[in-house]
Amino acid sequence: MININKFKELVYTVANKNGRGTLTPEQFNSLAKSALYTYTNNQLSNWRQYNPGQPTPQTSLDLDSLSQSKLRHLKETRSIRVIDGEANLPNGVNTDVNSLVMPDMWMPSKISHKYSSNGNLIQKGVKLVKDMEWDDIISSDIIFPTKKRAVANMKSNSLQVEPKALLNLVNLTYIRNPTDPEWKYSVENGRPVYDDINSIDLDAPESAMNEIAMIALELIASKIRDGELLQASTSMENKGV
């Protein structure tokens, strides 16, 4: 976790040229959240890196072990009941088989299920298929879904699973949404003073502080229309500072 006050001090130190980079606590909290979500999304799969004829980004959760390491604190694995072919997706309200609330899902990573065969416990992956593939697969006479070839389709708040008569439990591994950071404060002599007890730190590894700070500085530069700050922060982000 990145201490929210240290992050704020770093961002303000770089941005506060002639006092122009100073933000209200509410503005800073909004900025920190946006920068954190941009950083997290870049580790998942940076859409800006896709090119025609080369539909694979340079960095993504599936390809890059570094991205996997950077996001391991957000990875959740939950066992979810399948009822009549439907498994509730994690949304911060739905519970797993242990009746524990599942944090909001950002992106699925792996779906699997277990079954017995000749006295052995087998674990097989459940293939997540697109909407346009679903009907063809479940109506196929050749490669219809079985325990060995189970499939799932993501709906707005659930997974539709086949063969629904044979699956009653799925194991879902996913990347959860990061916790929203918040710099809490009390007011002393008319000035906001950091409240370390009630503040919420950035939900990212300490090693990512500079990278997230550069994203935040780009946002500040756009807000105050500072071309020099924007150019400098973009350059530092590209260099991996």
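Caption draft 1: A look at the confidence of the model for the chain. Across the chain, the average pLDDT comes to 84, with 80% of residues at or above 70. Counted against residues more than four places away or in other chains, residues 54–60, with its pLDDT under 50, gives 21 contacts.

Caption draft 2: Summary view of unusual backbone geometry. Each neighbour pair has its own omega, and for glutamate 162 with proline 163 the value is 5 degrees, a cis peptide bond. Relative to the helices and strands, proline 163 resides in the loop between strand 7 (158–162) and strand 8 (169–176). The phi torsion at aspartate 84 lies on the positive side, around 50 degrees, for a residue other than glycine. Within the secondary structure, aspartate 84 is located in the loop between strand 1 (75–81) and strand 2 (86–88). One non-glycine residue, serine 99, lies in the positive phi region at around 65 degrees. Within the secondary structure layout, serine 99 lies in the loop between strand 2 and strand 3 (105–117). Classification of serine 99 by relative accessible area gives exposed; the value is 56%.

Caption draft 3: Structural view of the layout of surface pockets. Size it by volume and the second largest pocket reaches roughly 170 Å³. Taken together, Lys8, Tyr12, Thr22, Leu23, Thr24, Pro25, Trp183, Arg191 and Pro192 make up the lining of the second largest pocket. Among the secondary structure elements, those contributing two or more residues to the lining of the second largest pocket are helix 1 (4–15) and strand 10 (191–194). Looking at the lining of the second largest pocket residue by residue, the class counts come to five nonpolar, two polar and two charged.

Caption draft 4: Quick peek at a negative patch on the surface. On the surface, Asp131, Glu133, Asp135 and Asp136 cluster together into a negatively charged patch. By the secondary structure assignment, aspartate 135 is in helix 4 (residues 131–138). On the basis of relative accessible area, aspartate 135 is assigned to the exposed category, the value being 51%.

Caption draft 5: Representation of the pattern of salt bridges. In the structure shown here, the tally under the stated rule is nine salt bridges. With a closest N to O distance of 3.4 Å, glutamate 182 and lysine 184 form a salt bridge. With a relative accessible area of 31%, lysine 184 lands in the partly exposed category. Within the structure, one salt-bridge network assembled from shared partners comprises Glu76, Arg78, Asp96, Arg176 and Asp203.

Caption draft 6: Seen up close, the sheet that holds strand 1. If you trace the four strands from one edge of the open sheet to the other, you get 1-8-3-4, paired in antiparallel fashion. With one partner strand each, in any of the chains shown, strand 1 and strand 4 (120–125) form the two edges of the open sheet. Across the sheet, the mean angle separating the axes of adjacent strands is 25 degrees when strand polarity is ignored. Bridge analysis of strand 3 against strand 4 gives six bridges, and the strand direction is antiparallel. Within the sheet, the bridge partner assigned to lysine 114 lies in strand 4 and is glutamine 123. On top of the sheet, helix 2 (residues 25–44) reaches strand 3 and strand 8; it is set at about 45 degrees to strand 3, its chief contact.

Quick notes on the rules
Residues numbered from 1 in each chain as written. Predicted model: local features only at pLDDT ≥ 70, side-chain atom pairs only at ≥ 80, totals over all residues. Heavy atoms only, no water. pLDDT = per-residue confidence, 0-100. Contact = heavy atoms within 4.5 Å. Helix = DSSP H or I, 4+ residues; strand = E, 2+ residues; numbered from the N terminus. Buried < 20%, exposed > 50% of the residue type's maximum accessible area, 1.4 Å probe, protein only. 1 Å grid on protein atoms, 1.4 Å probe; cavity = no way out; pocket = protein on both sides within 12 Å on 5 of 7 lines; lining within 4 Å. Points joined across faces, edges and corners; volume = space filled by probe spheres on them. Nonpolar A, V, L, I, M, F, W, Y, C, P; charged D, E, K, R; others polar. Patch = residues over 30% accessible without salt bridge, like charges linked within 9 Å, V, L, I, M, F, W, Y side chains within 5 Å. Areas by Shrake-Rupley, 256 points an atom, 1.4 Å probe, with all protein chains shown as cover. Salt bridge = Lys/Arg side-chain N within 4 Å of Asp/Glu carboxyl O. Lys, Arg positive; Asp, Glu negative; His and termini not counted. Charge placed at Lys NZ, Arg CZ, Asp CG, Glu CD. Pairing = 2+ DSSP bridges. Axes fitted to C-alpha atoms, helices over the stretch in contact; angles between N-to-C directions.

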